[in-house]
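If you want the building blocks of each chain, they are given just below.
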Amino acid sequence: MQPTADPGATPVPLTAAQRAAIDVAIAACRDLPGALLPLLHKLQEQLGYVPPASIPPIAKALGLSQADVHGVITFYHDFRTTPPGRHVVKLCRAEACQAMGCQRLEQHVQDRLGITFGQTSADGAVTLEAVYCLGNCALSPALLVDGRLQGRVSKERLDRVLDTCVHDGKEAQR
Amino acid sequence: MDSNKILDRGTPDRSARVGAPVTLQIDGVAVTVPAGTSLMRAAHDAGVKVPKLCATDSLDAFGSCRLCLVEVEGRRGYPASCTTPCEPGMKVKTQTDKLAKLRRSTMELYISDHPLDCLTCPANGNCELQDMAGVVGLREVRYGYQGENHLAAPKDQSNPYFTFDPSKCIVCSRCVRACEEIQGTFALTVQGRGFDSKIAPGPGSFLESECVSCGACVQACPTATLMEKSVYDQGQPDHSAITTCAYCGVGCSFRAEMKGDQVVRMVPHKDGRANRGHSCVKGRFAFGYATHKDRIKQPMIRASIQEPWREVTWEQAIAHAASEIRRIQGKYGRGSVGGITSSRCTNEETYLVQKLVRAAFGNNNVDTCARVCHSPTGYGLKTTLGESAGTQDFDSVMHADVVVVMGANPTDAHPVFASRMKKRLREGAQLIVIDPRKIDLVDSPHTRAAFHIQLQPGTNVAVMNALAHVVVTEGLAKVDYVRARCELPEFDKWQAFIRDPKNSPEVLGPVIGVPATTLRDAARLYATARNAAIYYGLGVTEHSQGSTTVMAIANLAMLTGNLGRPGVGVNPLRGQNNVQGSCDMGSFPHELPGYRHVSDPTVRELFGQSWGVPIDDEPGLRIPNMFDAALDGSFKALYVQGEDIAQSDPDTHHVQAALTAMECVIVQDLFINETAKYAHVFLPGASFLEKDGTFTNAERRISRVRRVMPPLAGLADWEATMALAKALGYPMHYDHPSQIMAEIAALTPTFTGVTYDKIDQLGSIQWPCNDQAPTGTPVMHVDQFVRGKGRFVITEYVATPERTSRKFPLILTTGRILSQYNVGAQTRRTANTAWHAADVLELHPHDAEARGIRDGDRVEVESRAGKTVLRAEVTERMQPGVVYTTFHHPESGANVVTTENSDWATIVRNTRSPRCRSARCWCRRRRGSRSSRRLRSSRRRCCRGGSDGRAEAGQDVQ
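Residues numbered from 1 in each chain as written. Chains lettered and ligands numbered in written order. Predicted model: local features only at pLDDT ≥ 70, side-chain atom pairs only at ≥ 80, totals over all residues. Heavy atoms only, no water.

Side note on the overall build of chain A
Broken down by element type, chain A carries seven helices and four strands. Projecting the C-alpha coordinates of chain A onto the three principal axes gives extents of approximately 55 × 40 × 25 Å. Taking all 174 residues of chain A together, the buried fraction comes to 45%. Contacts in chain A between residues far apart in sequence, at least 24 positions, make up 59% of those at least 6 positions apart. Accessible surface computed for chain A: about 9100 Å², of which carbon and sulfur atoms make up 55%. Side-chain charges in chain A split into 17 positive and 17 negative, and the spacing between the mean points of these groups amounts to 3 Å. (Helix = DSSP H or I, 4+ residues; strand = E, 2+ residues; numbered from the N terminus. Buried < 20%, exposed > 50% of the residue type's maximum accessible area, 1.4 Å probe, protein only. Contact = heavy atoms within 4.5 Å. Areas by Shrake-Rupley, 256 points an atom, 1.4 Å probe, with all protein chains shown as cover. Lys, Arg positive; Asp, Glu negative; His and termini not counted. Charge placed at Lys NZ, Arg CZ, Asp CG, Glu CD.)

Below you can see the structure in the form of structure tokens.
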């Protein structure tokens, strides 16, 4: 039952491109068994995040309630509901990486970007996320940058990764 | 009010689904239960209480709170008793030192993240968490409160009736499961995971969410997390009474929980057989109108409607009314006065009003708004099956495999029944929706219709004929059933008719506006189901071919053997709480109680004997006839009990003119309504909380209405009617409505066995209740039809040709929404306005675009009868060419634009731009079966407002 009064926190309206991406994801996934997760993955793949305003059309298409969809999105840390930075760095914080000193890297990256896990740097270059095991324990510590795996990460290596992210030729756009 | 006094056996009754009894020992006590019963429920039956938090017998076991752990001899670990089924020979211990320690530790963890403000908590005195802390003997919380916790989580107060305080939440998911399992809306979820888990109504607040405010979550919550605001304000109630909701035709049973004579809250009664412990936003929360400041508590009179009201005593008001009636009868004749009964009042009150008219006025000028929605059902089902009522009880839907919903919108108009139906649909039953509008049931979370036959308004009979044609020609008919139970010559004639290619989906499909393949597939689905049930609403009965459609529905059900057992049947969904009852009680100008015609001398003799006066053998005036007669000058006085005819009836201007022409209008109502503006005598009414009596719901169920507070104005409605009768020189003596029911039972064959004592004993009774069925009749026509052999009736489809007019290109339909009821006299005086502050006009994007109308614009709607302004809501629920509004708010005046002759063509203008665009016009000429023509002139009334208003106007037009 929707109120007729103006709702308080209306989500940011979808752009035409987002709407199109949602339609594509729905069309691709709606007939799969357990369609919601593959659909959300596809959407995040295309848009970088799952816009809150996409919940009603997704729910309608899959015969779910909006709360159902909201519950799933919030359950999985991997799904973002705000746009990420230009690059996403996922640093592994699991046991093997910890044993090989990833806590120093955690401190370093947070200090350098001035953010904590789950945040995006002020220049919009990097979103920093924590992951727990990338299956790359033999080459700990490990990280993912934009989906690309890197092992034996040192401070220097991490700095080079971050430099590339920050100076990617897109700074001027901001 | 101690909730523990209300029996909670922990897990639901599964006895219907499980097999042989098993015997086991619980704490040394031998107990025998049906296999599949949970250990928790079995323990409860053995008199052993197992501590619990996440379990309640209205919800499936969940096994999350870890408080109900038990030990089973020979097994490892500590299984949860709610999720462990009983097995033969089990030896179960519910209390050991180890279990006590485990439970105490678990409770300690709960309390380590729970505020310790029990003394100021609204749940104090009725808190399961508090109780369980006591039961497990919690004495300390070793973890302190310094760590991370949820104690500062902000409250959500957005819902007008309850608060959500997550700081008190133990995330047992009872609310989430109640929303899913009981209500079927799925508006709640667990947001996040682990320590961050929080119950959430989607991403926004409760008011912004999909929540329909049914109250099931509040009912399920074991703490103060979800709590009625009325309990915050007033404290816990201390006594209660079981009564029946006065809103829709579902007739939910409620526990009115009281403090002194104040209602603190209405809680659905778990043992209520119509609602099975569920409720909707109206019955559960919207009872505040009963004590609203607008209630009139003093009788009033005035000499003319231009004068202000003058407060007088009951004696003066009654004496004035009686003398006016006698004066008018002396001057204009015995037939110049009449009465209107209310389907909002009790059976007993309705009975008294018609008795007053027949015995004291001395004519048959008694009518009711409910007659209109009832008549096609009454006539159609009486002709084919033999009884003027639905065939099933509501429980029956839980046995249906295919459900057909036709011209009804149960999720808005009969929400509690809709929840039962949706539960069955989630269990795998298939749904066929036949409706011009895309109602919520067609596509809602976790339920989707297999077929939506989105017919053109006015083609109900064509749809039914096409379906029957497929069943017959494809050899899907249950021939043995028909041979054994129906009149064969009639059947053969009907079969020849229906086989005619003119009734094939290929021919009728284009008329209906639905592909022939859809009709064929739907017919196959219905005919091949083990159990298929049809539920229909005013979209069927309020139509020119209403009776024909009802008979076509009955034909189809007989043809496929879908009558006479649970899970099948033909069921009208009644609009108002007592539509069935007010019709049963003889509110028709041509029928005495029990649907017996006034021209029958035996019946007249029976009532004449009992009432001590001769009964007029001439049928009286129907409501529209009364209005016409008033304008002619031959009808001068009207006693209206509990109906707002000036707002709810179509063509307001005509009604107003008729009322203005009368010399004495007596209105008996809770509030000064629109009709009262034309009244000379106002008698204050009593709400359902202020009187004793009975209501009869859509499944023929007679339930008690119990007085929980004295009438605010001093007299209950039945007492006022009695006083009026006495002043007219026809004294009636009843000390209590039970005596009125005794008189009804003595005079009405289907009510012979009904007494208040028996209703108290059984909870409720479905008529017929007599020597053959001493405890009532849940399912009718079991071994044979009431009329003996079922009768197939030829149901010729008659098209309603449209005339075009440039001026009025659109069809206006009206209906109602979940949070409001009828003309809104009650619901507008409650916080339900949070959801429906004003009436809106729904229209299809094509129609909107053609007129330059945007969502939210103010638009002017004009018909031949008048015009009004509404806010536009552009939605694809509508078909192009058809617009829709509700009639809950008098200021929007939807009925100003509806017309008596059902010529509902309208134009819609955008007030933003003065241009008026229109392509073509729809006018509808009346055509119909003989019976529906007989009723035609009054047919509008019920759908307009007399009843629940699920009036698909397009369909209803005749």
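A few points about the environment of Lys90(A)
Residue and element names in this part refer to chain A. Structurally, Lys90 can be placed in strand β1 (residues 87-92). For Lys90, a relative accessible area of 15% translates into the label buried. Apart from residues lying up to four places away in sequence, Lys90 is in contact with Asp78, Arg80, Glu129, Val131, Leu134, Leu143 and Leu144. Engagement of the side chain of Lys90 in a polar contact is seen with the side chain of Asp78, the distance being 3.0 Å. (Polar contact = N/O pair within 3.5 Å; in protein donor to acceptor, adjacent residues only side chain to side chain.)

Regarding unusual backbone geometry
Following Ser140(A), the chain continues into Pro141(A) via a peptide bond in cis, with omega recorded as -15°. Pro768(B) follows Trp767(B) through a cis peptide bond whose omega is 0°. By the element assignment, Pro768(B) lies in the loop between β30 (764-766) and β31 (802-803). Its identity as a non-glycine residue notwithstanding, Asp27(B) has a phi of 50°, on the positive side. Relative to the assigned elements, Asp27(B) resides in the loop between β1 (21-26) and β2 (29-34).

Considering the pairing of strand β25 (residues 637-641) of chain B
Residue and element names in this part refer to chain B. Counting buried positions over the five residues of β25 gives five, a clear majority of the element. Along β25, one buried face is formed by Ala637, Tyr639 and Gln641 and the opposite face, lined by Leu638 and Val640, is buried too. In terms of strand pairing, strand β14 (residues 337-341) meets β25 through four bridges, oriented parallel. Along β25, the bridge assignment pairs Val337 with Ala637. Pairing analysis gives five bridges linking β25 to strand β26 (residues 664-669), with the strands arranged parallel. Residue pairing for β26: Leu638 is matched across the bridge by Val665. (Pairing = 2+ DSSP bridges.)

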